[in-house]
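Okay, here's what each chain looks like letter by letter:
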There are 6 protein chains.
Amino acid sequence: MNKNIQTFLACEAEYEAAEMVLFGVPFDGTTSFRPGTRFGPSAIRSESFGIETYSPYCDKDMTEHQIFDGGDLELPFGNTERVLEMIQEYAAQILSDGKRFVMLGGEHLITLGAVRAVVERYPDVHIIHLDAHTDLRTDYLGESLSHSTVIKQVWNLVGDGRIHQFGIRSGEKYEFEFAKKHTNLHKFDLGGFSETIAQLKDKPVYFTLDLDVLDPSVFCGTGTPEGGGITFKELMEAVLQLHQLNIVGCDINELSPHYDQSGSSTAIACKITREILLQITK
Amino acid sequence: MNKNIQTFLACEAEYEAAEMVLFGVPFDGTTSFRPGTRFGPSAIRSESFGIETYSPYCDKDMTEHQIFDGGDLELPFGNTERVLEMIQEYAAQILSDGKRFVMLGGEHLITLGAVRAVVERYPDVHIIHLDAHTDLRTDYLGESLSHSTVIKQVWNLVGDGRIHQFGIRSGEKYEFEFAKKHTNLHKFDLGGFSETIAQLKDKPVYFTLDLDVLDPSVFCGTGTPEGGGITFKELMEAVLQLHQLNIVGCDINELSPHYDQSGSSTAIACKITREILLQITK
Amino acid sequence: MNKNIQTFLACEAEYEAAEMVLFGVPFDGTTSFRPGTRFGPSAIRSESFGIETYSPYCDKDMTEHQIFDGGDLELPFGNTERVLEMIQEYAAQILSDGKRFVMLGGEHLITLGAVRAVVERYPDVHIIHLDAHTDLRTDYLGESLSHSTVIKQVWNLVGDGRIHQFGIRSGEKYEFEFAKKHTNLHKFDLGGFSETIAQLKDKPVYFTLDLDVLDPSVFCGTGTPEGGGITFKELMEAVLQLHQLNIVGCDINELSPHYDQSGSSTAIACKITREILLQITK
Amino acid sequence: MNKNIQTFLACEAEYEAAEMVLFGVPFDGTTSFRPGTRFGPSAIRSESFGIETYSPYCDKDMTEHQIFDGGDLELPFGNTERVLEMIQEYAAQILSDGKRFVMLGGEHLITLGAVRAVVERYPDVHIIHLDAHTDLRTDYLGESLSHSTVIKQVWNLVGDGRIHQFGIRSGEKYEFEFAKKHTNLHKFDLGGFSETIAQLKDKPVYFTLDLDVLDPSVFCGTGTPEGGGITFKELMEAVLQLHQLNIVGCDINELSPHYDQSGSSTAIACKITREILLQITK
Amino acid sequence: MNKNIQTFLACEAEYEAAEMVLFGVPFDGTTSFRPGTRFGPSAIRSESFGIETYSPYCDKDMTEHQIFDGGDLELPFGNTERVLEMIQEYAAQILSDGKRFVMLGGEHLITLGAVRAVVERYPDVHIIHLDAHTDLRTDYLGESLSHSTVIKQVWNLVGDGRIHQFGIRSGEKYEFEFAKKHTNLHKFDLGGFSETIAQLKDKPVYFTLDLDVLDPSVFCGTGTPEGGGITFKELMEAVLQLHQLNIVGCDINELSPHYDQSGSSTAIACKITREILLQITK
Amino acid sequence: MNKNIQTFLACEAEYEAAEMVLFGVPFDGTTSFRPGTRFGPSAIRSESFGIETYSPYCDKDMTEHQIFDGGDLELPFGNTERVLEMIQEYAAQILSDGKRFVMLGGEHLITLGAVRAVVERYPDVHIIHLDAHTDLRTDYLGESLSHSTVIKQVWNLVGDGRIHQFGIRSGEKYEFEFAKKHTNLHKFDLGGFSETIAQLKDKPVYFTLDLDVLDPSVFCGTGTPEGGGITFKELMEAVLQLHQLNIVGCDINELSPHYDQSGSSTAIACKITREILLQITK
């Protein structure tokens, strides 16, 4: 007679034994358009029952890896700064225990909390950022902590030339101008991704995946669907290169499961999460 | 760093310490119309986060009780008889450990598995049955094990005068005629419920609640909504009398959460589950 | 090896043998707010599989009656007047063959086509009208043929004192003033229904049921849900009196099934259709 | 050729000419369970096209009143305190111009911003509060500004005996104990409402309506549906007494329209808003 | 204190100052399959809040253009010919004021009203038509004014060789045969689009975009989804050539927003509308 | 006055006259994840009204063919083996009458019943299998008759080298290893399809199409959406080669229409069904 433990697909290791930690951050407090990414982590966890542990893409199996699933952080609603602190503390603990993590969002701002912890430990970290949006606003209606300012905030921590953006197809004019000077921006698709992988091979890398980089045809379960995105196969091709990198932290964000009642966006997120874990877990 | 344990609302006792056991049976294999009650138990568990542990109806709190949540049985799809055996074994174990249980469905046929275990231990058990449908068919398209034959199957085990049916408003003509002779049938509403409670006070009772006894206005998230049902307040009035009985087993079934995208049927099921647990747990 | 004949619940008589004819009019061409009642008749037909042929309310069974289901009229979209002619012709044929009919809508304007046929044969016909709305507008944005003018149009045919309205809780001020002078209007509920039944016992009666007379809690699958309606039980109590009347034609309209994804509104419409057929078919 | 001005049902007065001001606050930043009340005000405004300007309940017409619709406040996401300030400023301006207001939520916390403005001008104001939940928590996961603490926060401003709560059926144990000492709490229904109206006739009153006081059968389009609520007719009976009071401010909150895809919750909110405006506008 | 003016994305010019006029025609009166395009214009307008004013595709910004949004025409339901007259009058007024327009549907028949006005002023106009369907029927169930006859009706006005059809993948056999003789039909995709652009450079052009030319994977929110359509990127490539033409009028039609509950079809329509406006506005 | 006969798109031949038989099997009894394919056949039938009888892809028209639509088998719920027998009997009858068939699922296990009948008559039959999943499990939670074991079961009947799998992108490791030895497995896409067609030209072929071979962007209305599938155009290219084969039986399965509320998956299934019928009917 056992209690009901719910983890992502075969992530059943104990914390101590695990090399990789999965955890969720059900936060959507600064979402300006359609909220609901708070339901992302639990949807990914519970729907992972519908996919296989084995990947025919890389011929690996989740059951062969030691991954701990720490569940979701319990967050104070309406206090953005405190949420970021909680993420930072949790991530810092994992890093100080010599482990790495995949964080499931929630909205994109959560990346800031994780990067704060990562930068402290790896000051020379590079950021690979897949997204439909630049996320380089200075503020959003006066607030500097927002899903649409998060990469600007990360830039404040890491500086010029350390952020590599792909798939970007939306933003204000001044954001694109900022990117020209301060980040490595690749518009519309993943052109240049392999080259970036090659350049960053000996560096610590943080990988942040805003799932709305996918075309809405593939992934409509998100707050701000933006036409003209990449295909699933294009994303998979990129993900299958990740094992070449030293990824010290990672997040997968912006699944808003209720907006895709077919469940297909959640299934896509599950599969991408599986593939990323198989790529970056030793 | 803890694993993600998911239980119904404050049901966090260990099995040994618990007097009451909650478990789910995500089975809908004989559902003839619209399937989906398989999603019932997990929906009730995860949405219970949205309600309070305290009941202003009976002034009790879930945190004051020792209830174990055993999660869901893992079932073989397409093998009805084996599913019933698994339920029976699980229920029998609980009873033999001196505990009682609340089983979350799933479709109504699961009651048969539980009653088989109960009858073995309490041969004189009475059945209180709230439902929109008689469930007294002999067979359904040739199958004698079906959600629409389950009470007939239970009658095979307990015999005349031991089944007390309430709220019934649908069935074939011959089912109503059978009921006249063999069960205590109360058509349309809960008229006579208090009298039945009074009569059964010193007997072991199994309580089976098909949530479609509620009017579809209250509870549309079910496979076969049937107009003309009872109100939430009427159901609550009945539930609040349950502490007067010696309930040795109980089930709450036929929530099909996807059919009510407002989530309100699931919220109703959560609240009723809380109230029943508070009534029958010492 | 038989073709796939789809009829409403056990309405399997041949036309010649039938005393009662059921047919659908999937028209919503003048719907001003949310369209979709065109899907009503086919939804009622296909979902009738989910209910029983036997009624415990009146102890009758659909299998004991000879009812022909003629399917749906095939309508020219965008030509309101032609649609009304087609209804009138179809209804007139049924009446001239000595039969009666239940017409499934579709929007409420279809009543006008049917009443035109009925009035020709029964010039002294009375109209019993259950609805949330008066439907007594003179015109709607310049159009005199509209779902919101239909009872006014019927009044043009039958004149003062012949229309008996129940459940009405919405309309323009001038419509209520018109009703005071020209119809027997019962606001908000079914108060006075039994008295009306008693008065009309020896007269031909046309019964038109706009299902939005029901409260949206019971029946949200309609174009213009209007709070404060009657309950299912109140409607059933009225329906169960219909056998006292000489009903020469009848319609049940304004189910818009897509707006209630739980399917519960459609199930309600099926059950009401069954009960009306059992009441008025000999 | 005119611009597209969108107002609630016939609220077409200019600000200067208006005695009553309607405005929306699309805020759901502290919602702990299911977000989406941010879509409430615009849904109420755009769906008001589906109802009539005339009320047969009170025989008044919206076209006879001078009401200004100021649209929605544009809010900074993620900054709860700033949102409250903006509400307070907007409400204070209306009051200082000698007008009154109806505020459309949004989540319940917005009441605090409005009451802050009201208390400044009317220190002796009484609060009538209809809700499923006590909203008397001290904090929610550490945050004292939350939808579940709002009435406690209001009590901080107005003190003992000035808050009159109705329909309450959910909360933590300590909240009910607090209520016993400090507010006039009416559990489960509107019992005592007329008496309260009578007592408060010569006092300034702020009326806050959390629409989840309605039963989920009537109103499932809300973040936390709670079974056992009041009916539409019960709510209407209460609303129809409001003209007896001196209401200086009012809010109607917690419509989360996406959770009721039938649109019926939004239609209910529209109708209640119309009736409240007709009651309290001179 | 301002009224609530709702316009499409930064279309805030006054009529007099504007060079381009946007207006909506919420008409779906001849839709034969699934209605709901009546909700298109308001959905495009209100959801445009979710996209940026800046286009990284053409490096232009909506804030730099003078566009007037005239809202939606208020239409008489059930009177198709009158609707076409109203469109024609509105469009003629715009043209006679020396302006051009983008009309948002609504169903495809509305094109006929606009083309009537355009042909009067520009008798030598060419029509570029992107669609899944030929729309060349002679009549539909007897009606010659229908969404499936509209291009045939336009041909009646402009004659042979003036209609350029792209993306067509559905129709009756006789429609394809008609097209062979009378229009320039490009089956299945946009092959030949650039050549057509080149040919028409010095001619007045009317551009009509039935959004169902897109594959349903990209755009399922439409009445008649038809597999095998073009991708978003293919459509964008075509749109980005439009500045080479002298477009005197344009429409974007057949968004039926309720059929895509993810909102992604509406977001696509918003983005395409933005890009078309940026292309054709000086 | 005719009864309401509902057939798939112009399949109106009598059985005797027909060369091809269409029938539905609304079975989803072993579905382990999300049920609902039971609604597939009737959805395909009723929504076929929305597409044309003519195919511009192959320039043929459904009205020129003699196809009988036998409706759906009426199945005993909960008895998997009996369902397979009923399918086998029905298929055997068709074959023995010198006809061929297209069977509409339902879940994939139904293929086993049909192949049993086919193998008896054509012992040298080859199987072409398009699917996202290998379906080669030995058992699923102990059950050897399951949607995920069906091709393994078929292999038991036909043996090595007779099964040709395409599009496969999911399965357990041991299933892929089994495929390496016993079937002709083409991973991820339709590579090699034309070669297979060429090889099988003079052999009897059974064609089984699990629609989840399509990418979820195209076809999300299925129980287990699996990212990375083929496009509609790729599937059409394959289908358009089928006339080169001697197809003696065929099935199209795994449409679960309720999971795609846009209706677009059903429309895709209708179109594919039309094209397959046009390809394989003489």
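On a predicted model such as this, the values are computed, not experimentally measured, just so you know.

K.L.:
What is the right way to read the sheet that holds strand S9 (residues 204-210) of chain A from this model?
P.N.:
Two strands in a sheet stick together by hydrogen bonds in their backbones, pointing the same way (parallel) or opposite ways (antiparallel). Residues and elements named next belong to chain A. The strand order across the open sheet formed by 8 strands is S4-S1-S5-S10-S9-S6-S7-S8, and the pairing between neighbours is parallel. Only two strands of the sheet have a single neighbouring strand rather than two, namely strand S4 (67-72) and strand S8 (184-187). When strand polarity is set aside, the average angle formed by the axes of neighbouring strands in this sheet is 15 degrees. As paired elements, strand S7 (residues 163-168) and S8 share 4 bridges and run parallel to each other. What sits directly across from His164, in S8, is Asn184. Each of strand S1 (20-25), S4 and strand S5 (100-105) is contacted by helix H1 (residues 40-47), which is oriented at about 135 degrees to S4, the strand it contacts most.

K.L.:
How do you make sense of the UniProt feature "binding site: Mn(2+)" (unreviewed entry) in chain A when you look at a structure like this?
P.N.:
All names here are of chain A. Using the residue numbers shown here, the UniProt feature "binding site: Mn(2+)" (unreviewed entry) corresponds to His108, Asp131, His133, Asp135, Asp210 and Asp212. Spanning 105 residues, the named residues form one tight spatial group whose C-alpha atoms are at most 12.2 Å apart. In this structure, Asp135 sits in the loop between strand S6 (126-130) and helix H4 (150-158). Its relative accessible area of 5% is what places Asp135 among the buried residues. Those residues in contact with Asp135 that lie beyond four places of it in its chain are His108, His129, His147, Ser148, Thr149, Val150, Ile151, Lys152, Glu175 and Asp210. A polar contact is formed between the side chain of Asp135 and the side chain of His108, at a distance of 2.9 Å. The topology assignment puts Asp210 in strand S9. When neighbours within four sequence positions are excluded, Asp210 is seen to be in contact with His108, Leu130, Asp131, Asp135, Asn253 and Glu254.

K.L.:
Sorry if this is basic, but what is going on with the interface of chain A and chain D here?
P.N.:
Often, the extent of an interface is quoted as the loss of accessible area upon association of its parts. Taken together, the contact between chain A and chain D spans 24 residues of the former and 24 residues of the latter. In this assembly, chain A packs against chain D so that about 1,800 Å² is buried in total across both faces, 53% of it on carbon and sulfur atoms. A per-residue breakdown of the area chain A buries against chain D is headed by A:Phe77, A:Leu141 and A:Glu143, which together make up 30% of the total. Where chain A packs against chain D, one counts 0 salt bridges. Put simply, chain A and chain D have 11 residue pairs in polar contact (both at pLDDT 80 or more) between them. Of the residues in the side of chain A that touches chain D, the class split is 9 nonpolar, 10 polar and 5 charged.

K.L.:
Whenever I open this one, the pairing of strand S10 (residues 246-253) of chain D confuses me. Can you help?
P.N.:
It is a general feature of regular strands that their side chains alternate between the two faces of the sheet. Residues and elements named next belong to chain D. In terms of burial, S10 is a largely internal element, 7 of the 8 residues being buried. Relative to S10, strand S5 (residues 100-105) is paired through 4 bridges, and the arrangement is parallel. From the neighbouring strand, Leu104 faces S10, where its bridge partner is Ile252. Pairing of strand S9 (residues 204-210) with S10, which is carried by 7 bridges, proceeds in the parallel orientation. In the sheet register, Val205 faces S10, and the bridge partner there is Ile247. In this fold, S9 hands off to helix H7 (residues 232-239), which returns the chain to S10; that crossover is right-handed.

K.L.:
Would you explain the sheet that holds S5(D) in this entry?
P.N.:
Residues and elements named next belong to chain D. Spatial strand order, S4-S1-S5-S10-S9-S6-S7-S8: 8 strands in an open sheet with parallel pairing. On the outer flanks of this sheet lie strand S4 (67-72) and strand S8 (184-187), each paired with one strand and no other. The mean angle between the axes of side-by-side strands here comes to 15 degrees, regardless of whether they run parallel or antiparallel. Together, strand S1 (20-25), S5, strand S6 (126-130), S9 and S10 form the strand contacts of helix H3 (residues 110-121), whose direction differs from that of S5 by roughly 165 degrees.

K.L.:
Before we go on, may I ask you to explain the relation of the copies chain A and chain D in this structure?
P.N.:
One chain copy maps onto the other through a rotation about an axis and a shift parallel to that axis. For the match of chain A to chain D, the screw axis carries a shift of 0.0 Å, the RMSD comes to 0.0 Å, and the turn is 180 degrees. Taken together, the rotation angle and the small translation identify this as a two-fold axis. Of all interface residues in chain A, 100% are interface residues in chain D too; the two copies therefore contact each other through one and the same surface.

Quick notes on the rules
Residues numbered from 1 in each chain as written. Chains lettered and ligands numbered in written order. Predicted model: local features only at pLDDT ≥ 70, side-chain atom pairs only at ≥ 80, totals over all residues. Heavy atoms only, no water. Pairing = 2+ DSSP bridges. Helix = DSSP H or I, 4+ residues; strand = E, 2+ residues; numbered from the N terminus. Axes fitted to C-alpha atoms, helices over the stretch in contact; angles between N-to-C directions. Contact = heavy atoms within 4.5 Å. UniProt positions renumbered as here; feature names shortened; annotations may be inferred. Buried < 20%, exposed > 50% of the residue type's maximum accessible area, 1.4 Å probe, protein only. Polar contact = N/O pair within 3.5 Å; in protein donor to acceptor, adjacent residues only side chain to side chain. Buried area = accessible area lost by both parts, 1.4 Å probe. Salt bridge = Lys/Arg side-chain N within 4 Å of Asp/Glu carboxyl O. Nonpolar A, V, L, I, M, F, W, Y, C, P; charged D, E, K, R; others polar. Right-handed = clockwise from strand over helix to strand, strands pointing away. Least-squares fit on C-alpha atoms with pLDDT ≥ 70 in both.

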